[in-house]
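Each chain, letter by letter, is given below.
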Protein chains: 4
Amino acid sequence: MARGQRTAEAEAGRGSVPERLLRAATRLFAERGFESTSVQEVVAAAGVTKGAMYHYFGSKDDLLYEVYGRVLRMQTEHLVEISSRDAPVAERVHAAASDVIVTSIANLDDTKIFFRSMHQLAPEKQRSVRAERRQYHELFRSMVEQGQSEGVFRSDVPADLVVDYFFGSVHHLGTWYRQDGQLTGDDVGRHFADLLIAGLRPQS
Amino acid sequence: MARGQRTAEAEAGRGSVPERLLRAATRLFAERGFESTSVQEVVAAAGVTKGAMYHYFGSKDDLLYEVYGRVLRMQTEHLVEISSRDAPVAERVHAAASDVIVTSIANLDDTKIFFRSMHQLAPEKQRSVRAERRQYHELFRSMVEQGQSEGVFRSDVPADLVVDYFFGSVHHLGTWYRQDGQLTGDDVGRHFADLLIAGLRPQS
Amino acid sequence: MARGQRTAEAEAGRGSVPERLLRAATRLFAERGFESTSVQEVVAAAGVTKGAMYHYFGSKDDLLYEVYGRVLRMQTEHLVEISSRDAPVAERVHAAASDVIVTSIANLDDTKIFFRSMHQLAPEKQRSVRAERRQYHELFRSMVEQGQSEGVFRSDVPADLVVDYFFGSVHHLGTWYRQDGQLTGDDVGRHFADLLIAGLRPQS
Amino acid sequence: MARGQRTAEAEAGRGSVPERLLRAATRLFAERGFESTSVQEVVAAAGVTKGAMYHYFGSKDDLLYEVYGRVLRMQTEHLVEISSRDAPVAERVHAAASDVIVTSIANLDDTKIFFRSMHQLAPEKQRSVRAERRQYHELFRSMVEQGQSEGVFRSDVPADLVVDYFFGSVHHLGTWYRQDGQLTGDDVGRHFADLLIAGLRPQS
DNA sequence: GATGAATGAGGTTTCATTCAT
DNA sequence: AATGAATGAAACCTCATTCAT
């Protein structure tokens, strides 16, 4: 009582209040899903009170939105850098494909949340997230198209469809990947990028 | 009573009560997600009362479970038939890959529900669904392994990983495929199967 | 299937349908309380259907009412017989006190139900049961009064109060008596009757 | 808002929210029984909302549990004080017997609830209440045993049984005692204690 | 910046009972 | 005599959010 009761848990230790909230929310939303996690549970795990949460975030929805934002922004930055490299298009696509796998595995909780709970976002925020994601996809697609026009990639499969084909694998990671398994994120990234690039080679 | 109050809606018209409930639930769960759909909404769409629903289904969870079961059983049957065909392994894998895409698109609502809401199922039912899904995966994987041992498929990527790679695309369908778009389910099935098979060819 | 599924349980075996229902209801009401036992549970334990129950009993309430009736009628008959015996009043009171303990222990489930659930009965039925119970009490009280006017029992405690005092012990049996304990119903009956009679002796 | 909707009733007037809730619950549970009283009825009588109730009490069960606790604790305190008095054992037993009657009548609603609804409590809480009650009984029994070893009380009836015998009368109070009758709690306490003590005297 | 009591709408589920067969 | 599908009211409880302090 004298100094405030520190009943906090794992997340409570370090960082500012908003950081602790985001960290707790990320873990819980990934574990139980957005709708099955109550605001009470999030604030308890973060070691703060409800009032504090509503001081920093406008709503539970906002919390979800912020979780998305962080990884999405990082992945877009990576892709922008990769696509602007001075290297053959096949190499750039391979690097981009590998990178999205590696970063998704490094932030597996966010990935799970992204694909499971995006439809729970308020329409407006959903549009905003989708817009950012679309931007990512378009950049990726334009690289595929470049490869097709250079004759490095097969042209009988629409570039759009190639992107949808590959990003399914990213979605799926949250379902099967285990941090304590044998494969590192790099392993999976390399294998998946290999499978993609090989599948894209012109057919004889 | 003689008049009967037909407050029913779309789903109410045809079929038995459980059928109407499953139809309504499938549509609503796909549209809004499982947790955001109330039992009240389901029974209203089916044109029955809550009591009737609980007469046939033990819980809201049960409804979700039944939705899964139907498509899962069908896809497993298909795969069993395909894998037992007397054809080269590459052809069989192509047919299986194409089939799962085609049937997932033909039951797109169920597919959306499957991948978005499975984690909301009660643990026991979740295990049951996972077990059936695993069975499917193992059958698929064994075909890939056969191709590898025959030298038809590359062996530098674990067969397990190939299955996880491809089934991501199935997951993802619900996110981007539009029934009113230009591509039919067959188109997508063929293209995705092509990309997979090409990606699996031994690397020179 | 061929001959109807006998999923019945303990109660199902013997007796007519109404008998089986009463037996099942008595056991379940005593175990879980009237309000916490559903009609469905009663009919399942009796091995019949809900329709059958409503054929024989007008309501769930009726079931409770019948349970009461049986023991109450028996105890009243016993008391009438005992009170008309040609024996000293102290002996008759002792016999009556002992008898109500013995029969209550022999029908312990009914006793539990009686004292726990009577207030759940519909007002009309409650009045009817109370009337029968009051009749019993009055007969008992008149014996106590007779003892008082004969000078065999102390007169400084109102006879009414003596009856309320003693019947508390009957109430209470369901709370502590264990069929598998050391004391038989006869033991308890004798001891309690002894305590009562001794307490009633004129004070010097 | 400025006006505030005072739909409150009897209990609403005074005291904190939890106090008002306990007061309302005590009255209603005694009147209609625990299972026949809805949470809605309790909060309406207390003049608060359901949310407020669940802010202070974990469940409807908790409300019942708290009702028990208060009287039980008071009675135990009384007994501890009485049993430690420096007075002949017969006097102490008389005082204890009288006290439990007097306090039970002074809190007649709680007494009714206690004996009618305890079996509806969740198992864990039931154990807790039983444990406290057992403690009370043991203390009472040890006084009886002391009287027996001193030769002040008869020894042909087990002390255990004496306690069960007498506490039946406490149970029963809720059934017959009327606040507006002729007998005060003190009257009943004295008479019942007299009957008990007289019954316990060594038989010649 | 932060608290936590309080709200009130809405959630899932249970249940005694009815009635066409 | 007996069935079991269907009703509809009411039950307990949860939760995101607000607001006076």
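About the criteria used
Residues numbered from 1 in each chain as written. Chains lettered and ligands numbered in written order. Predicted model: local features only at pLDDT ≥ 70, side-chain atom pairs only at ≥ 80, totals over all residues. Heavy atoms only, no water. Least-squares fit on C-alpha atoms with pLDDT ≥ 70 in both. Contact = heavy atoms within 4.5 Å. Near = heavy atom within 4 Å. Polar contact = N/O pair within 3.5 Å; in protein donor to acceptor, adjacent residues only side chain to side chain. Helix = DSSP H or I, 4+ residues; strand = E, 2+ residues; numbered from the N terminus. Domains from an automatic or database assignment. Salt bridge = Lys/Arg side-chain N within 4 Å of Asp/Glu carboxyl O. Expected span 1.5 Å × (residues − 1). Buried < 20%, exposed > 50% of the residue type's maximum accessible area, 1.4 Å probe, protein only. Buried area = accessible area lost by both parts, 1.4 Å probe.

Peer 1: It is not clear to me how the relation of the copies chain C and chain D should be interpreted in this structure. Could you clarify?
Peer 2: Note on the chain copies: they are related by a rotation about an axis and a translation along it. Taken as rigid bodies, chain C and chain D are interconverted by a rotation of 180° and an axial shift of 0.0 Å, the fit giving an RMSD of 0.1 Å. The superposition operator between the copies reduces to a two-fold rotation axis. Most of the interface of chain C is mirrored in chain D, where 100% of its interface residues again form contacts.

Peer 1: Sorry, what's going on with the protein's contact with DNA strand E here?
Peer 2: Taken together, 27 residues sit near DNA strand E, with Thr49(A), Tyr56(A), Tyr54(B), His55(D) and Tyr56(D) positioned nearest. At the protein interface, 69% of the atoms of DNA strand E within 4 Å belong to sugar or phosphate. Interatomic distance of 3.4 Å between a side-chain N/O atom of His55(A) and a phosphate oxygen of DNA strand E. At 3.5 Å from a base oxygen of DNA strand E is found a side-chain nitrogen or oxygen belonging to Lys50(B). Looking at the surface near DNA strand E, the elements with two or more residues in it are helix H3 (50-56) of chain A, helix H3 (50-56) of chain B, helix H3 (50-56) of chain C together with helix H3 (50-56) of chain D.

Peer 1: What exactly am I supposed to notice about the domain arrangement of chain A here?
Peer 2: By a frequent convention, interface size equals the accessible area lost on bringing the separate parts together. Residues and elements named next belong to chain A. Taken domain by domain, chain A consists of domain 1 (10-58) and domain 2 (61-200). Between domain 1 and domain 2, the C-alpha centre-to-centre distance is 27 Å. Each partner contributes to the interface: domain 1 provides twelve residues, whereas domain 2 provides 14 residues. Inspection of the region where domain 1 meets domain 2 yields zero salt bridges.

Peer 1: Is there a simple way to explain helix H1 (residues 17-32) of chain D in this structure?
Peer 2: For the α-helix, the turn length of 3.6 residues means that residues three or four positions removed from each other point alike. All names here are of chain D. Spanning 16 residues, H1 covers 22 Å between terminal C-alpha atoms, matching the ideal 22 Å at 1.5 Å per step. Of the positions making up H1, those classed as buried are Arg 20, Leu 21, Leu 22, Ala 24, Ala 25, Thr 26, Leu 28, Phe 29 and Ala 30. Packing partners of the buried residues in H1 comprise helix H2 (39-46), H3, helix H4 (60-83) and helix H6 (108-117). Once H1 finishes, Gly 33 follows within two positions and takes phi at roughly 95°, a positive value.

Peer 1: Just checking my understanding: could you explain the interface of chain C and chain D for this structure?
Peer 2: Counting from both sides, the interface comprises 35 residues of chain C and, opposite them, 35 residues of chain D. Of the roughly 3200 Å² buried at the junction of chain C and chain D (both faces included), carbon and sulfur atoms supply 61%. Looking only at chain C, the three residues that lose the most surface to chain D are Leu161(C), Tyr165(C) and Leu195(C), adding up to 24% of its buried area. In this structure, the connection of chain C to chain D is made through zero salt bridges. For the pair chain C and chain D, the interface holds 14 residue pairs in polar contact (both at pLDDT 80 or more). Of all the secondary-structure elements, those providing two or more residues to the side of chain C that touches chain D are helix H6 (108-117), helix H8 (159-176) and helix H9 (185-200) of chain C. Looking at the side of chain C that touches chain D element by element, the count peaks at twelve residues for H8(C).

Peer 1: What's the story with the relation of the copies chain B and chain A in this structure? I'm lost.
Peer 2: Each copy superposes on the other: chain B lies on chain A with an RMSD of 0.1 Å after a rotation of 180° and an axial shift of 0.0 Å. The share of interface residues of chain B whose copies in chain A are also at the interface is 100%, consistent with both copies meeting through the same surface.

Peer 1: I keep staring at the interface of chain B and chain A and nothing clicks. Help me out?
Peer 2: Each partner contributes residues to the interface: chain B has 35 residues there, and chain A has 35 residues. The junction of chain B with chain A conceals about 3200 Å² of combined surface from both sides, 61% of it contributed by carbon and sulfur atoms. It is Leu161(B), Tyr165(B) and Leu195(B) that lose the most area in chain B upon contact with chain A, and together they represent 24% of the buried surface on that side. Our count for the chain B to chain A interface comes out at zero salt bridges. In this structure, the connection of chain B to chain A is made through 14 residue pairs in polar contact (both at pLDDT 80 or more). Elements that contribute at least two residues to the side of chain B that touches chain A include exactly helix H6 (108-117), helix H8 (159-176) and helix H9 (185-200) of chain B. Top element by residues in the side of chain B that touches chain A is H8(B). It accounts for twelve residues.

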